[in-house]
Amino acid sequence: MKVARADLLRAENNTIFIDETIRFEPEVFAQMHNIRSVPNVHVNGKIHYDVVSERAYADLSITGVMILPCSITLDDVEVEFHTDTEEVFSFIKCEDIDVHEVKGDVVELLPVIFQQILMEVPLKVVKPEIKEYPKGEGWKVIREEDLREEKKNEIDPRLAKLREFKAED
């Protein structure tokens, strides 16, 4: 998704409205272990060019579905995401770290959209319909609720000897 400064200048009120669906190639996610793919991303919003400051202001709404590995079974899990972002692009040299410096006369939105998608990736995802957790010889995966229940009923080994103590009146 590229928007040229000339297109912004020709547009009514120097504003271009965006309503597009983007596809990311699988190779983009080949080196990432926490995200498998993002089949379709819908970008909706507008980009406005301010002639005085020589800056473009993008108001974007990004929605889609990402395919992530389940933290327990490594099966694919579909996770919907939605994020809104306001980005500023400068056509002149700028020291502000919150402003993207434009190379040439073309605003490239794709890297910004990709960065926003990566910020929406959750740290861990568990497949909701998982019935049985994996187990093996000498180990098993348990739910956090089961662990809490187990710990609640467990007696501290340092105090276990006190159970044998009988108070006599």
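Residues numbered from 1 in each chain as written. Predicted model: local features only at pLDDT ≥ 70, side-chain atom pairs only at ≥ 80, totals over all residues. Heavy atoms only, no water.

Caption draft 1: Seen up close, the overall build of the protein chain. Of regular secondary structure, the protein chain possesses three helices and nine strands. Taken from N to C terminus, the helices and strands of the protein chain fall in the order β-α-β-β-β-β-β-β-α-β-β-α. Here the protein chain has a C-alpha radius of gyration of 26 Å; the compact-globule value for 169 residues is 15 Å, and the former is much larger. Dimensions of the protein chain, computed from C-alpha atoms along their principal axes, come out at roughly 95 × 40 × 25 Å. When each of the 169 residues of the protein chain is scored for burial, the buried share is 30%. (Helix = DSSP H or I, 4+ residues; strand = E, 2+ residues; numbered from the N terminus. Rg over C-alpha atoms; globule rule 2.2 N^0.38 Å. Buried < 20%, exposed > 50% of the residue type's maximum accessible area, 1.4 Å probe, protein only.)

Caption draft 2: Fine view of the packing of aromatic side chains. For the structure on display, the rule yields four aromatic pairs. Ring centres of F24 and F29 lie 6.2 Å apart, and the angle between their planes is 75 degrees; this geometry places the pair in the edge-to-face category. Like F24, the residue F29 is buried in the burial classification. An angle of 85 degrees between the planes, with centres 5.4 Å apart, marks the rings of Y49 and F91 as edge-to-face. With Y49 in strand 3 (residues 41-50) and F91 in the loop between strand 5 (76-90) and strand 6 (99-101), this pair connects stretches of sequence that are 42 residues apart. (Phe/Tyr/Trp six-rings, centres within 6.5 Å; stacked < 30°, edge-to-face > 60°.)

Caption draft 3: Inspection of the nonpolar core at higher detail. Grouped together as the largest cluster of nonpolar side chains are 34 residues, with contacts concentrated most on V38, V41, I47, M66, L109, I113 and I117. If you list the elements that add at least two residues to this core, you get strand 2 (15-22), strand 3, strand 4 (55-69), strand 5 and helix 2 (110-119). The element contributing the most residues to this core is strand 4, with six residues. When residues no more than four places from it in sequence are discounted, the contact partners of I47 are V3, L8, N14, T15, I16, I18, A56, Y57, A58, V107 and L109. (Core = buried A, V, L, I, M, F, W, Y, C linked by side-chain atoms within 4.5 Å. Contact = heavy atoms within 4.5 Å.)

Caption draft 4: Fine view of the environment of I22. Mapped onto the elements, I22 comes out in strand 2. For I22, a relative accessible area of 7% corresponds to the buried category. Not counting the four nearest positions on each side in its chain, I22 is found in contact with M1, P39, N40, V41, V43, L110 and I113.

Caption draft 5: Layout of the sheet that holds strand 6. Within the open sheet, the five strands sit side by side as 2-3-4-5-6. Their pairing is mixed. A strand with exactly one partner marks an edge of an open sheet, and here the two such strands are strand 2 and strand 6. In this sheet, adjacent strand axes meet at a mean angle of 30 degrees when their direction is disregarded. In this structure, strand 4 lies alongside strand 5, joined through 15 bridges in antiparallel fashion. Each residue of the ladder has a partner; that of I62, found in strand 5, is T83. Packing against the sheet, helix 2 makes contact with strand 2, strand 3, strand 4, strand 5 and strand 6, and its axis sits at approximately 135 degrees to strand 5. (Pairing = 2+ DSSP bridges. Axes fitted to C-alpha atoms, helices over the stretch in contact; angles between N-to-C directions.)

Caption draft 6: Highlighting the pairing of strand 3. Because side chains alternate across strand 3, one face comprises the buried residues V41, V43, G45, I47 and Y49, and the other comprises H42, N44, K46, H48 and D50, none of which is buried. Sheet topology places strand 2 next to strand 3; eight bridges connect them, and they run antiparallel. Paired with I16 across the strands is I47, a residue of strand 3. The pairing of strand 3 with strand 4 spans ten bridges and is antiparallel. Paired with D50 across the bridge in strand 4 is R55. If you look at the hairpin formed by strand 3 and strand 4, you'll find four residues sitting between the two strands, and E54 has a positive phi there, around 55 degrees.

Shape is all these values report; function is a separate question.
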